[in-house]
Amino acid sequence: MSLVVVLGMQWGDEGKGKVVDVIAEEADVVARFGGGANAGHTVWVGVEKYVTHILPSGVIRGKIGVLGNGMVIDPRALCQEIQDFAKQGLNLTPENLLLSSGAHIITPAHVLLDGALMQGKIGTTGRGIGPAYADKAARQGLRAGMMRDHKAFREAVRKHVSYQNVSYGLIYERVGFDPDAVVDEYAKFAERLAPYVQDTGKALAQYLSVGKKVLAEGAQGSLIDIDHGTYPFVTSSTTTIGGAFSGLGIGPQHLETIVGVVKAFQTRVGHGPMPTELFGEEAARLRGVKGEPGSEYGSTTGRDRRCGWLDIVLLRYAVRVNSVQELTITKLDVLSGFPHIKICTAYERNGQLYTDIPDGATADELSTFKPVYEDAQGWNENIGAVRSFYALPAPAWSYLRRIEALTDTKIKAVSVGPKRDQMFFV
Ligand code: IMP
Ligand code: MG
């Protein structure tokens, strides 16, 4: 392995954290390239639960963590996460955690704007992600590198808060923040985080040049990519393969493989079209019991996830957009006990069948399609202890083989439960 990129093939929450944790054993460096505290990766090590929002989940393995330039960092949340991990016995120091000088900084003004502007409309996580990326694109963002010059950083934060206060006041007729309070708070964050800041693209290039193995962890999923997702019900970053390179500042020459992580069924948090969405008893069964490992409630916001059958039309799309070479299927165990499983193999609209989305996965288009299902036989056995492909009940491996055939992509690994060892390679 030189560079392995792990990407979500659906709307996020595919179980990437767990998959990354397993693959990370072989890696030297684990890197995040996009998003921020909107992500939530849960990894169970024995009875100990680790949740990462900003940090790459591979740091749980004690690997060197990189927060790439494509990320938007809430310094309060990052300091908190570093502190929480320290309590769990994992010390993240400037020696094993690198923060890109090009990453953008989220402020309370971004969080406020997210709540006012987008949370209701899009169903965002309310973490200030969209407004921070908007400032980045408008060339008025605060970058992590600025934290190294304390005086200049204070000035930049003050200017930012004052500016946002004006626009917030004008648009929403509400008061914003006391610039002095935010400046003082952010000066403290800067003091804590500045030692971690460096040119992470350069560091990654050096690691790769001496044969170190880098694992790039995608956050969110391909279907909420700003360009390729179900716009406008998307996040504000590039969650697909291109984002790994621009968000880390390295080129593709080191790429060894692209792993697409697919949950055995479909889930979505937030608004937007979801052709295979289920309601009632089947949805409740897929969602599981709140609080239990692997149940479908947001690890960032605690919201109920919308659940449905696997959507192959969208999966084929995600495989194509990312040039995915291999799939990892997660949460196959959740399907145990369903007498019949459905697989959406096509869409129907006005009497016409579509096996591909005609023109990208825009929200308007997607909401006009009806799913066409193929029936698959279910199985009753609990498969949490299975550790090889043919030890699965026959209907379960038939289901996997069908996914391979329909996507023309090999399944390389299967996860059958939330624990680290509940996964096997095919
Ligand atoms: P934002 O990323 O907070 O702006 O939210 C935009 C959309 O992406 C909303 O529908 C969120 O629920 C969704 N989203 C963002 N991050 C994740 C994630 O890590 N998993 C699943 N959905 C996410
Ligand atoms: Mg998640």
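Summarised in this report is the structure supplied together with it. (Residues numbered from 1 in each chain as written. Chains lettered and ligands numbered in written order. Predicted model: local features only at pLDDT ≥ 70, side-chain atom pairs only at ≥ 80, totals over all residues. Heavy atoms only, no water.)

### Describing the packing of helix α3 (residues 108-122) against helix α4 (residues 129-137)
The condition that has to hold: Each axis is a line fitted through C-alpha atoms, and for a helix only the stretch in contact is used; angles between axes span 0 to 180 degrees, taken between their N-to-C directions. Secondary structure follows DSSP: runs of H or I at least 4 residues long count as helices, runs of E at least 2 residues long count as strands, and numbering of each begins at the N terminus. Oblique is the label for any angle not under 35 degrees, not over 145, and not in the 65 to 115 range, which are roughly parallel, roughly antiparallel and roughly perpendicular in turn. Residue contacts are defined here by distance: any two heavy atoms, one from each residue, within 4.5 Å place the two residues in contact.
Where α3 contacts α4, the two axes come as close as 7 Å, and the packing angle between them is 110°. Relative to α4, the element α3 lies roughly perpendicular. Residue-level inspection shows H110, L113, D114 and M118 of α3 in contact with α4, the latter providing I129, G130, P131, A132 and D135.

### Structural notes on the coordination of the magnesium ion (ligand 2)
Here is the rule we go by: Coordination here is defined by N, O and S atoms within 2.8 Å of the metal (3.2 Å for Na, K and Ca), and since water is not considered, a site can look incomplete. Note on classification: 1.4 Å probe, protein chains only; a residue is buried when its accessible area is under 20% of the maximum for its type, exposed when over 50%, partly exposed between these limits.
Protein-derived ligands of the magnesium ion (ligand 2) are D13 (OD) and G40 (O), with the metal-ligand distances lying across 2.0 to 2.5 Å. Residue D13 is found in the loop between β1 (3-8) and α1 (16-23), and its partner G40 is found in the loop between β2 (29-32) and β3 (41-45); the two are separated by 27 residues along the sequence. On the accessibility criterion, G40 (14% relative accessible area) is buried.

### A look at the packing of aromatic side chains
Defined as follows: Each aromatic pair joins two rings of Phe, Tyr and Trp (for Trp, the six-membered one) with centres within 6.5 Å, and gets the label stacked for planes under 30 degrees apart, edge-to-face for over 60, and tilted for any other angle. Remark: a charge is flagged as sitting over a ring if the NZ atom of Lys or the CZ atom of Arg is within 6 Å of the ring centre and within 35 degrees of the ring normal.
Within the structure shown, the criterion is met by eight aromatic pairs. When the centroid spacing of 5.3 Å and the interplanar angle of 80° are considered together, the rings of Y186 and F189 count as edge-to-face. Here F189 and Y186 lie together in helix α6 (residues 179-193), a separation of three residues that amounts to about one turn. Judged by relative accessible area, which is 2%, Y186 ranks as buried. Taken together, Y347, Y354 and F369 form an aromatic cluster joined through their ring pairs. We note R285 situated over the ring of F338; from NZ or CZ to the ring centre the distance is 4.4 Å.

### Some thoughts on the sheet that holds strand β20 (residues 423-425)
The line we're drawing: Strands were regarded as paired on the criterion that DSSP finds at least two bridges between them.
Within the open sheet, the ten strands sit side by side as β9-β7-β5-β2-β10-β1-β11-β15-β19-β20. Their pairing is mixed. Strands at the two margins of the open sheet, each flanked by one partner only, are β9 (197-198) and β20. When β1 meets strand β11 (residues 255-263), the two strands line up parallel, connected through six bridges. Following the sheet pairing, L7 is matched in β11 by G260.

### Side note on the site of ligand 1
Using the following cut-off: By convention in these notes, a residue is near a molecule or strand provided one of its non-hydrogen atoms lies within 4 Å of it. A 1.4 Å probe and the Shrake-Rupley method give the accessible areas. Residues count as covered only by the protein chains that appear here. Classes in brief: Ala, Val, Leu, Ile, Met, Phe, Trp, Tyr, Cys and Pro nonpolar; Asp, Glu, Lys and Arg charged; the others, Gly included, polar.
Close to ligand 1 lie 16 residues, the nearest being D13, N38, T125, T235 and R303. Look at ligand 1: alone it shows 470 Å² of surface, and the protein chains cover 97% of it. Among the residues forming the shell around ligand 1, the class breakdown is six nonpolar, eight polar and two charged.

### Describing the pairing of strand β16 (residues 340-349)
When strand β14 (residues 310-311) meets β16, the two strands line up parallel, connected through two bridges. If you follow D311 over to β16, its bridge partner there is C344. In the sheet, β16 pairs with strand β18 (residues 370-377) via eight bridges, with the strands oriented antiparallel. Directly across from Y347, in β18, lies its bridge partner P371. Hairpin connection from β16 to strand β17 (residues 352-354): two residues lie between these consecutive antiparallel strands, with N350 at a positive phi of about 50°.

### With respect to the packing of helix α2 (residues 75-87) against α6
In plain terms, the rule: Crossings are sorted by hand: turned counterclockwise from the far helix by less than a right angle, the near helix makes the crossing left-handed, and turned clockwise it makes it right-handed.
Here α2 crosses α6 at 50°, and the two axes come no closer than 10 Å. In terms of orientation, α2 lies oblique with respect to α6. Crossing geometry of α2 relative to α6 is assigned as left-handed. Between α2 and α6, the residues in contact are P75, R76, L78, C79, I82 and Q83 and E185, Y186, F189, R192 and L193, respectively. Among the residues forming the contact of α2 with α6, the class breakdown is seven nonpolar, one polar and three charged.

### Concerning the pairing of strand β19 (residues 410-415)
Here strand β15 (residues 326-330) runs beside β19; their pairing, made up of four bridges, is parallel. Along β19, the bridge assignment pairs E326 with K410. Looking at chain direction, β19 and β20 are connected through three bridges and run antiparallel. Directly across from A413, in β20, lies its bridge partner F425.

### Focus: the environment of I82
Structurally, I82 is set in helix α2. Residue I82 is classed as buried on the basis of its relative accessible area of 5%.

### Overview of the pattern of salt bridges
Let me state the cut-off plainly: Salt bridges are identified by distance alone: a Lys or Arg side-chain nitrogen within 4 Å of an Asp or Glu carboxyl oxygen.
Applying the stated criterion across every chain yields a total of 16 salt bridges. Of the charged contacts, one joins K16 and E14 as a salt bridge, the two residues approaching to 2.6 Å between their closest N and O atoms. Residue K16 is classed as buried on the basis of its relative accessible area of 2%. Overlapping salt bridges bring together D13, K263, E296, R305 and K331 as one network.

### What to know about the nonpolar core
Quick reminder of the rule: By convention a nonpolar core is built from buried Ala, Val, Leu, Ile, Met, Phe, Trp, Tyr and Cys residues, the set being connected through side-chain atoms within 4.5 Å.
One finds M9, L332, L335, L392, Y399, L400 and I403 to be the most contacted residues of the largest nonpolar core, which totals 58 residues. Among the elements that take part in this core, helix α12 (residues 394-407) stands out by supplying five residues, more than any other. With near-sequence residues (within four places) excluded, L400 lies in contact with I329, L332, F389, L392, I411 and V414. Grouped together as the second largest cluster of nonpolar side chains are 49 residues, V19, I105, V183 and V259 included.

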